[in-house]
Protein chains: 2
Amino acid sequence: MSAAAGIDDVRSAARRLAGIAVETPLLRHPDLDAAVGGTVLLKLENLQTTGSFKIRGAYNLMSRLTPQQAEAGIVAWSSGNHAQGVAAAGAMLGIRTAVVMPEDAPKAKIARTRRFGGEAILYDRYTGDREVIAKALAAERGAETVPSYDHPHIIAGQGTVGLELMRQAAEMSLVPDQVLIPCSGGGLTAGCAIAIKDASPLTGVHPVEPAGFDDTARSLLSGRREINASSSRSICDALQVATPGNLTFELNRHLLGDGLVVTDAEVRAAMRFAFLNLKLVVEPGGAAALAALLSGKLETRGKITAAIVSGGNVDTELFAEIQAG
Amino acid sequence: MSAAAGIDDVRSAARRLAGIAVETPLLRHPDLDAAVGGTVLLKLENLQTTGSFKIRGAYNLMSRLTPQQAEAGIVAWSSGNHAQGVAAAGAMLGIRTAVVMPEDAPKAKIARTRRFGGEAILYDRYTGDREVIAKALAAERGAETVPSYDHPHIIAGQGTVGLELMRQAAEMSLVPDQVLIPCSGGGLTAGCAIAIKDASPLTGVHPVEPAGFDDTARSLLSGRREINASSSRSICDALQVATPGNLTFELNRHLLGDGLVVTDAEVRAAMRFAFLNLKLVVEPGGAAALAALLSGKLETRGKITAAIVSGGNVDTELFAEIQAG
């Protein structure tokens, strides 16, 4: 197994994030239990600072930069949630941040990145390559880059979600039989899988991806990093990568059970359920695991199933359209 | 002081509600702390079963009915949240429920009351008297009534919110300097004030009411139960009573600090803050205490202030309109 990140790295990240990241609630709600015929625990990372879990990895990495690196500022690329995490961590640490973002990213994500003091540089998602643009800019500025998933400190930081989840479940005297995690590049999934398997080796960990972006599910089956069709489209703006990360997949291939795939319609239904029954604002990508649960993608009857709600940054107009059905 | 309800009654209610009511999160979020320049703790009763705190009092009372009373069913009157609490408690306890509701109550509240198995009987808020209608119906059926605030078991049940809040704050090593509570008839306020003052006699407890329905604020000043103008209108459908309860005011007059009053515009702004920053769905009345906080109705700088978000049952259309600003 890769030594990209291990449980000690996740624990170290947790110490660094104490007082920085919100210890988000692990919610048990009877409407959820009733809907799936089992016990459900929902980890509410939409209530996290910046509206998603991304502050955890970004702060963990950026707080470890040398003074010289911090002085030069950092460059990142992101569809929006990592951008906010990076910008907010930069504001906390006094590090100048620039983020390359797709011009069709949710307006709220771009606006909030700027509000946290980040420089947002927009590009066309379907013609440009954000990583190329970002790396050229970093070279020009002599700045470090902060990747959104494929880095040991990012993986370890996101893994603190899983560490908290298992501890909070234990405080309720519960051990999840399975945990569902929205998956894009695989950083949250890999980090959480490390922490979950350390606490409970028999707990199944399942990545959940949108249809058309099921690269991790297919890669887990084939054993090599599969690539999505470039024509794919999804309502889940936060879960659109071309292929799993290198480091993240090396971890995930050993740690994960089968990948689950959800449609846009299932994601929309989950967002309506969250609004009507749970009173939570969940963004499309953040609702993927909840959507898998509610649409019966795996057996939940009589089981204890945890699911991560990974973010809540959705534009007002899209949210209203989805709620109107 | 009235012996309507005391701390032992609140503790007894908490034992009865274990495993029935959700132990809702007490959220600390940096965006809130930053907004008020102090420490904020938000008690999320919008995440409660039925979308508001009302299940607590309803279940506490209804679970104490004799078998004969339970067999005859119960009748209640409510603008919507108490209706859902009563209907859900009835479903849990196998008690038939009927609730008299204003015909202009949020559609979601009426629909959800019926979904929980409650019989919803609609009337005109501005010409009919729901209490008279409900009591006539109860007499006709030989059924007990379940008042929405002015009853010792209701007050004690709602007080479990305050009991949880103070315990959860203590687990964070915090003691609130002040607690803000959305106030209508005063049941939640009175019950919570009992629990808060028991845990920390120096903590200030402030009711928050919508402009035009500030009967408790004015009654606290005059020392007698003041009556609101019948022409009053407010976006807070859940916080519209004519005058404080008899039992609740007898408690509240001894336990509360000054009452705070918020405008519709301040409530709308708080609902937008909750959506954009906290990713929470809050109904107008449920946002009253948050609105008082965010609009600076009392000194929060350097203090620890807790606020109760009492409900999240808002119609999709109104929510979208408010978010669109």
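Check the entry above for the structure.
All of the points below concern the structure found in this document.

Quick notes on the rules
- Along each chain, residues carry numbers from 1 onward, in the same order as the chain's sequence is written.
- Labels are handed out in written order, letters beginning with A for the chains and numbers beginning with 1 for the ligands.
- Note on the predicted model: pLDDT of at least 70 is required for a residue's local features to be given, and 80 or more for side-chain atom pairs to be given and counted; whole-chain, interface and lining totals, by contrast, use all residues.
- Values reported for side chains reflect all heavy atoms of the structure, with hydrogen atoms and water molecules removed beforehand.
- Here a helix means four or more residues in a row that DSSP labels H or I, a strand means two or more in a row labelled E, and each is numbered from the N terminus.
- A radius of gyration in this sense is built from C-alpha atoms; the matching globule rule multiplies 2.2 Å by the number of residues raised to 0.38.
- Throughout this description, buried means an accessible area under 20% of the type-specific maximum (1.4 Å probe, protein chains only), exposed means over 50%, and partly exposed covers the range between.
- Any pair of residues with heavy atoms lying within 4.5 Å of one another is described as a contacting pair.
- In short, Shrake-Rupley with a 1.4 Å probe defines the accessible areas, and a residue's cover is counted only from the protein chains shown.
- Note that His is not counted, nor are the chain ends; the positive residues are Lys and Arg, and the negative ones are Asp and Glu.
- For this purpose, a charge sits on NZ of Lys, CZ of Arg, CG of Asp or CD of Glu.
- A pair of strands is considered paired only if DSSP assigns at least 2 bridges between the two.
- For helices, the fitted axis covers only the stretch in contact; all axes are lines through C-alpha atoms, and the angles between them, taken along N-to-C directions, range from 0 to 180 degrees.
- The term buried area refers to how much accessible surface (probe radius 1.4 Å) is lost by two components on association, counted for both of them together.
- Between Lys or Arg on one side and Asp or Glu on the other, a salt bridge is scored when a side-chain nitrogen of the former is within 4 Å of a carboxyl oxygen of the latter.
- Identification of polar contacts relies on pairs of N or O atoms within 3.5 Å, with a donor-acceptor requirement for protein atoms, meaning one able to donate a hydrogen and the other able to accept it, and with residues adjacent in sequence counted only if both atoms are side-chain atoms.
- Residue classes follow a fixed rule: Ala, Val, Leu, Ile, Met, Phe, Trp, Tyr, Cys and Pro count as nonpolar, while Asp, Glu, Lys and Arg count as charged, and any other residue, Gly among them, counts as polar.
- The length a helix should cover is 1.5 Å for every residue beyond the first.
- Our arc is simply the arc of the directions from the helix axis toward the C-beta atoms.
- Any two cysteine sulfur atoms lying within 2.5 Å of each other are counted as a disulfide.
- Call a crossover right-handed when, viewed with both strands pointing away from you, the route from the first strand across the helix to the second goes clockwise.
- Two aromatic rings, drawn from Phe, Tyr or Trp (for Trp, its six-membered ring), form a pair once their centres lie within 6.5 Å of each other, and the interplanar angle then sorts them: stacked below 30 degrees, edge-to-face above 60, tilted otherwise.
- Lysine NZ or arginine CZ positioned within 6 Å of the ring centre and within 35 degrees of the ring normal marks a charge as sitting over the ring.

1. Considering the overall build of chain A
Helix and strand counts for chain A come out as 14 helices and 10 strands. By the compact-globule yardstick of 20 Å for 325 residues, chain A fits well, its C-alpha radius of gyration being 18 Å. Projected onto the principal axes, the alpha-carbon positions of chain A cover approximately 55 × 45 × 40 Å. Across the 325 residues that make up chain A, the buried fraction comes to 63%. Excluding contacts between residues fewer than 6 apart, the proportion of contacts in chain A whose partners are at least 24 apart in sequence is 74%. Accessible area for chain A stands at about 11,400 Å²; split by element, carbon and sulfur atoms hold 50% of it. Of the charged side chains in chain A, 31 are positive and 34 negative, and the gap between their average positions amounts to 2 Å.

2. Examining the sheet that holds strand β3 (residues 74-77) of chain B
All names here are of chain B. One open sheet holds the 4 strands; their spatial order is β5-β4-β3-β6, and the pairing between them is parallel. Looking at the sheet topology across the chains shown, the edges are occupied by β5 (119-123) and β6 (144-145). Sheet analysis places β3 next to β6, joined by 2 bridges and oriented parallel. Looking at the pairing, Val-75 lines up with Thr-145 of β6. The strands touched by helix α6 (residues 107-115) are β4 (97-102) and β5; relative to β4, the strand with the most contacts, the crossing angle is about 175°.

3. Thoughts on the interface of chain B and chain A
Listed by partner, the interface residues are 29 residues for chain B and 29 residues for chain A. The largest share of the area that chain B buries against chain A comes from Leu-47, Phe-275 and Lys-279 of chain B, three residues that together contribute 28% of it. Taken together, the connections running from chain B to chain A amount to 0 salt bridges. Where chain B meets chain A, there are 10 residue pairs in polar contact (both at pLDDT 80 or more). Going through the elements one at a time, α6, α12 (264-278) and α14 (316-323) of chain B are the ones with two or more residues in the side of chain B that touches chain A. The residue inventory of the side of chain B that touches chain A, partitioned by class, reads 15 nonpolar, 10 polar and 4 charged.

4. Details of helix α7 (residues 130-141) of chain A
Residues and elements named next belong to chain A. End to end, α7 covers 16 Å across 12 residues, agreeing with the expected 16 Å (1.5 Å per residue, within 8%). Of the residues making up α7, those classed as buried are Arg-130, Ala-134, Leu-137 and Ala-138. Seen end-on, α7 carries its buried residues on one side only, within an arc spanning 100°. In α7, the exposed residues that point more than 90 degrees away from the buried face are Val-132, Ala-139 and Glu-140. Those residues of α7 hidden inside the fold are in contact with β3 (74-77), β4 (97-102), β5 (119-123) and β6 (144-145). The distance from a side-chain oxygen at the start of α7 to the backbone nitrogen of Glu-131 is 2.9 Å, and the residue carrying that oxygen is Asp-129. Immediately beyond the C-terminal end of α7, within one or two residues, lies Gly-142, with a positive phi of roughly 65°.

5. What about the state of the cysteines?
Summed over the entire model, instances satisfying the criterion amount to 0 disulfides over all chains. Here Cys-183 of chain A is not disulfide-linked; the sulfur of Cys-192 of chain A is the nearest cysteine sulfur, at 11 Å. Note on Cys-183 of chain A: relative accessible area 0%, which makes it buried. For the unlinked cysteine Cys-236 of chain B, the closest cysteine sulfur is that of Cys-183 of chain B, found at 12 Å.

6. Concerning the pattern of salt bridges
All names here are of chain A. Under the criterion given, the structure shown has 36 salt bridges over all chains. With its nearest N and O atoms 3.1 Å apart, the salt bridge here joins Arg-125 to Asp-104. Of this pair, Arg-125 sits in the loop between β5 and α7 while Asp-104 sits in the loop between β4 and α6 (107-115), and the two are 21 residues apart along the sequence. Residue class for Asp-104 comes out partly exposed when judged on its relative accessible area of 41%. In this structure, the salt-bridge partner of Lys-135 is Glu-131, at a minimum N-O distance of 2.8 Å. Here Lys-135 pairs with Glu-131, and both are found in helix α7, just 4 residues apart, close to one helical turn. Of the residues examined, Lys-135 reaches a relative accessible area of 42% and is grouped as partly exposed. You can call Glu-131 partly exposed: its relative accessible area is 36%.

7. Here we look at α12 of chain B
In an α-helix, one turn spans 3.6 residues; hence positions three or four apart end up facing the same way. Helix length check: α12 of chain B (15 residues) gives 20 Å between terminal C-alpha atoms against 21 Å at 1.5 Å per residue, within 8%. For α12 of chain B, the set of buried residues is Val-267, Ala-270, Met-271, Phe-273, Ala-274, Phe-275, Asn-277 and Leu-278 of chain B.

8. A few points about the side chain of Gln-158 of chain A
All names here are of chain A. Structurally, Gln-158 can be placed in helix α8 (residues 152-171). Judged by relative accessible area, Gln-158 falls into the buried class, the value being 1%. Apart from the residues within four sequence positions on either side, Gln-158 is in contact with Phe-53, Lys-54, Arg-56, Gly-57, Ser-148, Gly-187, Leu-188 and Cys-192.

9. Thoughts on the pairing of strand β8 (residues 204-210) of chain B
Residues and elements named next belong to chain B. Summarising burial for β8: 7 of the 7 residues are buried, a large majority. Burial along β8 is two-sided: Gly-204, His-206, Val-208 and Pro-210 and Val-205, Pro-207 and Glu-209, pointing in opposite directions, are all buried. Following the backbone out of strand β7 (residues 178-182), through helix α9 (residues 187-199) and into the adjacent parallel β8, one traces a crossover that is right-handed. When β8 meets strand β9 (residues 260-262), the two strands line up parallel, connected through 3 bridges. Counted as the bridge partner of Val-208 is Leu-260 from β9.

10. As for the sheet that holds β5 of chain A
All names here are of chain A. An order of β5-β4-β3-β6 is seen for the 4 strands of this open sheet, with the pairing classed as parallel. Each having just a single partner strand, β5 and β6 make up the two edges of the open sheet. Relative to the sheet, helix α5 (residues 81-93) contacts β3 and β4, its axis offset from that of β4 by approximately 170°.

11. Examining the packing of aromatic side chains
What the rule picks out here adds up to 5 aromatic pairs over all chains. Taking the centre distance of 5.9 Å and the plane angle of 70° together, the rings of Phe-275 of chain B and Phe-319 of chain B count as edge-to-face. With Phe-275 of chain B in helix α12 and Phe-319 of chain B in helix α14, this pair connects stretches of sequence that are 44 residues apart. Both residues of the pair, Phe-275 of chain B and Phe-319 of chain B, belong to the buried class. In textbook terms, an aromatic cluster arises when at least three aromatic residues are bridged by ring pairs, as seen for Phe-275 and Phe-319 of chain A together with Phe-275 and Phe-319 of chain B. Positioned over the ring face of Tyr-126 of chain A is Arg-233 of chain A, at 3.8 Å from the centre of the ring.

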